[in-house]
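Fold and geometry: a report
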Amino acid sequence: MPFTCRQSFLDDVIDGLSRSQKTLPCKYLYDDFGAQLFEQITALQEYYLTRTELALLAQYAQDIVAHLPTQATVIEPGCGSGQKVAYLLDNMPDVNGFIPLEISTEMLLYTQQRLRQRFAHVNIHPLHGDFTHGPTIKALVQQHGLNGSNNVVFFPGSTLGNFSPIHAIEVLHNLRTLCGHNGRVLIGIDLIKATPRLLAAYDDKEGVTAAFNRNLLTRIARELGAHLCLEHFRHEARFNSEQHRVEMHLVANQDTCISVRDQRFTLRAGESIHTENSHKYTLASFSSLIGNAGLTLVDSWCDSQGDFALCLVKSQR
Ligand SMILES: C[S@@+](CC[C@H](N)C(=O)[O-])C[C@H]1O[C@@H](n2cnc3c(N)ncnc32)[C@H](O)[C@@H]1O
């Protein structure tokens with residue numbers, strides 16, 4: 001499969017480390033250990049995102065479901081632990097089925113087991129795949145006969161924020177393909193707020209986010225046989241005020257190098273590898289972004305502090 005293919009991983013690492021601002025695609029943060037670390041992050045005091053979105057779902061799931069097509073197939077790209085979709089499924093007695101799509105096999109297995117126990121009446125079809133990969137999305141639509149149906153795509157966790165606008169539009173196109181003409185997409189977005197709170201959410205005191213970020217180097221060493229010194233890198237969260245995003249970097253503490261196969265990449269002390277973006281939105285900037293992918297905002301639910309929003313979206317035609 002393209003997303004697990006060692007060759008694609010190698011190509012992406014070599015391409016990313018060859019750039020003047022070294023970078024690595026954030027999907028590689030989620031090997032099985034990375035996905036476990038992310039679950040730990042969601043429980044941290046500083047990481048307000050998950051508990052705020054869960055509270056929104058607990059409060060508004062019934063109302064949200066009233067806006068969704070009946071007898072729908074629910075698809076969750078990047079389902080993680082599947083904790084959030086349970087709020088929707090609880091209120092969808094006539095649901096046609098649930099398709100979790102995940103890059104981490106371990107999370108997929110966990111979600112499947114967890115939800116099969118609780119929703120024995122729901123047809124669950126787990127799929128190991130990459131939601132950024134257009135052919136995977138098209139194959140999913142074909143294999144599950146989703147063409148022309150009224151599907152519900154659930155994309156919580158501010159996962160959309162991991163993509164720069166140009167790539168977010170590609171992901172939104174994939175979500176639009178999955179939902180069909182009359183379907184709906186429910187997207188969780190993190191809203192713009194004071195910088196210290198944002199930075200704390202991506203650089204917690206316990207160092208779990210740092211471990212999550214640095215695990216990418218461990219993975220590169222293990223899976224690609226790369227030579228590098230993990231101790232030469234530290235985690236850093238930065239706020240990019242022009243792009244309205246928190247960035248995660250792996251910063252070299254000293255001059256160092258990473259050797260992958262026959263290629264050697266040098267880093268000067270202070271130079272960084274950019275590993276993740278988390279874009280923050282207003283409802284207006286989000287509406288404008290989805291408009292570029294042929295989608296339009298139907299409704300939204302936001303907490304009283306204005307921290308996070310669940311946005312219901314449909315195809316423009
Ligand atoms: C930010 S977490 C969100 C998890 C969950 N949806 C939630 O809201 O708590 C992103 C999840 O997407 C998965 N993931 C990341 N990139 C992916 C990709 N390109 N294709 C499929 N899954 C991906 C990760 O393994 C992780 O479980």
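A quick note: this is a predicted structure, and the numbers were derived from the prediction, not measured.

Once that is clear, we can look at helix 10 (residues 283-291). Within helix 10, burial applies to F286, L289 and I290. Take helix 10 and look down its axis: the buried residues cluster within an arc of 90°, on one side only. On its buried face, helix 10 sits against helix 7 (165-179), strand 6 (184-190), strand 12 (295-302) and strand 13 (308-315).

So, about the packing of aromatic side chains. Per the stated rule, a full pass over the model turns up nine aromatic pairs. Relative to Y202, the ring of Y47 has its centre 6.1 Å away and its plane inclined at 75°; by these criteria the two rings are edge-to-face. In this pair, Y47 is assigned in the loop between helix 2 (32-42) and helix 3 (48-66) and Y202 in the loop between helix 8 (195-201) and helix 9 (208-224), connecting sequence segments 155 residues apart. Taking the relative accessible area as the measure of exposure, Y47 reaches 5% and is therefore buried.

Another aspect to go through is helix 5 (residues 105-118). Between its first and last C-alpha, helix 5 extends 20 Å over 14 residues, near the 20 Å set by a 1.5 Å rise per residue. For helix 5, the complete set of buried residues consists of M107, L108, T111, Q112 and L115. What you see down the axis of helix 5 is that its buried residues fit within an arc of 130°, all on one side.

Moving on, we come to the side chain of S81. With respect to the helices and strands, S81 occurs in the loop between strand 2 (73-77) and helix 4 (85-90). Leave out the neighbours within four places in its chain, and S81 touches E39, M107, Y110, T111 and R114.

Turning next to the site of the ligand. Neighbouring residues of the ligand: 17 residues in total, closest G78, K84, E102, D130 and F131. F131 has a polar backbone atom sitting 3.0 Å from a nitrogen atom of the ligand. Calculation on the ligand without its partners gives an accessible area of 590 Å², and the protein chains cover 95% of this total. Split by residue class, the shell around the ligand holds six nonpolar, six polar and five charged.

Let us look at the pattern of salt bridges. One pass over the full model with this rule turns up 15 salt bridges. Between R118 and D90 there is a salt bridge whose closest N-O contact spans 2.6 Å. Taken together, the residues span a long stretch of sequence, with R118 in helix 5 and D90 in helix 4 at a distance of 28 residues. Take D90: its relative accessible area is 44%, and that puts it in the partly exposed class. Between D307 and R197 there is a salt bridge, and its shortest N-O distance comes to 2.9 Å. One end of the pair, D307, is in the loop between strand 12 and strand 13; the other, R197, is in helix 8, with 110 residues separating them in the sequence. Residue R197 is classed as partly exposed on the basis of its relative accessible area, which comes to 33%. A cluster of three or more residues bridged by salt bridges with shared partners is formed by D31, R219, R222 and E223.

This part takes up the UniProt feature "domain: Histidine-specific methyltransferase SAM-dependent" (unreviewed entry) in the chain. In the UniProt entry, the feature "domain: Histidine-specific methyltransferase SAM-dependent" (unreviewed entry) is given for residues 11-314. Regarding residues 11-314, the helix share stands at 38% and the strand share at 25%, and the terminal C-alpha atoms are separated by 35 Å.

This next bit is on the sheet that holds strand 5 (residues 152-155). Taking strand neighbours across the sheet as the criterion, the seven strands line up as 4-3-2-5-6-13-12 in an open arrangement whose pairing is mixed. Lying at the two open borders of the sheet, with one neighbouring strand each, are strand 4 (127-128) and strand 12. Bridging between strand 12 and strand 13 involves seven bridges; their strand directions are antiparallel. Each residue of the ladder has a partner; that of T296, found in strand 13, is K314. Against the sheet, helix 3 engages strand 5, strand 6, strand 12 and strand 13, with an angle of about 55° to strand 13.

Next up on the list: the pairing of strand 7 (residues 233-240). The sheet contact formed by strand 7 and strand 8 (residues 245-252) spans eight bridges and is antiparallel. Within the sheet, the bridge partner assigned to R234 lies in strand 8 and is V251. Connecting the antiparallel pair strand 7 and strand 8 is a turn made up of four residues, with H244 showing a positive phi of about 55°.

To continue, consider unusual backbone geometry. Although it is not a glycine, Q71 adopts a positive phi angle of roughly 50°. One can find Q71 in the loop between helix 3 and strand 2. Classification of Q71 as exposed rests on a relative accessible area of 60%. Look at S158: it is not a glycine, yet its phi comes out positive at around 60°. S158 sits in the buried class, given a relative accessible area of 5%.

On to the sheet that holds strand 11 (residues 272-279), then. The strands making up a sheet associate through hydrogen bonds between their backbones, and the pairing can be parallel or antiparallel. The four strands lie next to each other as 1-11-8-7, forming an open sheet whose pairing is mixed. Of all the strands in the sheet, just strand 1 (22-23) and strand 7 have a single pairing partner and so form its edges.

Criteria and thresholds
- Residues numbered from 1 in each chain as written.
- Predicted model: local features only at pLDDT ≥ 70, side-chain atom pairs only at ≥ 80, totals over all residues.
- Heavy atoms only, no water.
- Buried < 20%, exposed > 50% of the residue type's maximum accessible area, 1.4 Å probe, protein only.
- Helix = DSSP H or I, 4+ residues; strand = E, 2+ residues; numbered from the N terminus.
- Arc of directions from axis to C-beta.
- Contact = heavy atoms within 4.5 Å.
- Phe/Tyr/Trp six-rings, centres within 6.5 Å; stacked < 30°, edge-to-face > 60°.
- Expected span 1.5 Å × (residues − 1).
- Near = heavy atom within 4 Å.
- Polar contact = N/O pair within 3.5 Å; in protein donor to acceptor, adjacent residues only side chain to side chain.
- Areas by Shrake-Rupley, 256 points an atom, 1.4 Å probe, with all protein chains shown as cover.
- Nonpolar A, V, L, I, M, F, W, Y, C, P; charged D, E, K, R; others polar.
- Salt bridge = Lys/Arg side-chain N within 4 Å of Asp/Glu carboxyl O.
- UniProt positions renumbered as here; feature names shortened; annotations may be inferred.
- Pairing = 2+ DSSP bridges.
- Axes fitted to C-alpha atoms, helices over the stretch in contact; angles between N-to-C directions.

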